[in-house]
Amino acid sequence: MLKLLNKLDKTAETRNPYHFATLEFKTHKLIDYENIELIFKCFEDEDTYGKIVRGKGILQNSEQNWYKFDYVENEIQEENYYKEDIGAICIIGYKLNKKNILKLFD
């Protein structure tokens with residue numbers, strides 16, 4: 001029975017074009033909120049980046065202040081955040097092109 005369930009899960013995953021993928025990474029790079037807005041604007045190009053449905057992270061800006069951003073349904077919000085050791089970003093979507101996404105954060 002377990003073999004059959006595993007086979008069904010794998011088949012469903014390959015046939016379902018809307019299987020969520022996640023890209024998580026850490027960065028020491030200083031990124032201003034305006035640049036995050038531009039990056040998420042680039043994500044409208046689904047052929048290049050995949051379908052981005054959610055994004056969130058904690059980053060430090062060029063003034064070395066920490067902020068949290070949250071992206072859902074083409075809207076992005078920012079708020080101040082307490083000090084962290086390193087920035088972190090999580091992108092969730094379908095058919096993510098992780099290589100192209102990471103290039104935007106270089």
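Fair warning: this is a prediction, and the values are worked out from it, not measured in the lab. (Residues numbered from 1 in each chain as written. Predicted model: local features only at pLDDT ≥ 70, side-chain atom pairs only at ≥ 80, totals over all residues. Heavy atoms only, no water.)

### Some remarks on the pattern of salt bridges
Part 1: For the coordinates displayed, the defined rule picks out four salt bridges.
Part 2: Here E46 and K51 are joined by a salt bridge, their closest N and O atoms 3.6 Å apart.
Part 3: Two residues, D70 and R54, come together in a salt bridge whose shortest N-O distance is 2.2 Å. Separated by 16 residues along the polypeptide, D70 in strand β3 (residues 66-72) and R54 in strand β2 (residues 51-60) bring together distant segments of the chain.
Part 4: On the basis of relative accessibility, which here comes to 25%, the residue R54 falls in the partly exposed class. (Salt bridge = Lys/Arg side-chain N within 4 Å of Asp/Glu carboxyl O. Helix = DSSP H or I, 4+ residues; strand = E, 2+ residues; numbered from the N terminus. Buried < 20%, exposed > 50% of the residue type's maximum accessible area, 1.4 Å probe, protein only.)

### Side note on the side chain of N61
Part 1: Mapped onto the secondary structure, N61 falls in the loop between β2 and β3.
Part 2: Assessed through its relative accessible area of 14%, N61 is described here as buried.
Part 3: Looking at N61, its side chain comes within polar contact range of the main-chain nitrogen of E63, at 3.0 Å.
Part 4: The contact partners of N61, leaving out residues within four places of it in the chain, are L30, I31, D32 and Y67. (Polar contact = N/O pair within 3.5 Å; in protein donor to acceptor, adjacent residues only side chain to side chain. Contact = heavy atoms within 4.5 Å.)

### Some points on the nonpolar core
Part 1: Counting residues in each nonpolar core, the largest one holds 21 residues, and the members touching the most others are I36, F40, F43, F69, I91, I101 and F105.
Part 2: Among the secondary structure elements, those contributing two or more residues to this core are β1 (20-27), α2 (33-42), β2, β3 and β5 (87-94).
Part 3: The biggest single contributor to this core is α2, with four residues.
Part 4: Among all residues touching F43, those that are not within four sequence positions of it are Y49, G50, I52, I91, I101, L104 and F105. (Core = buried A, V, L, I, M, F, W, Y, C linked by side-chain atoms within 4.5 Å.)

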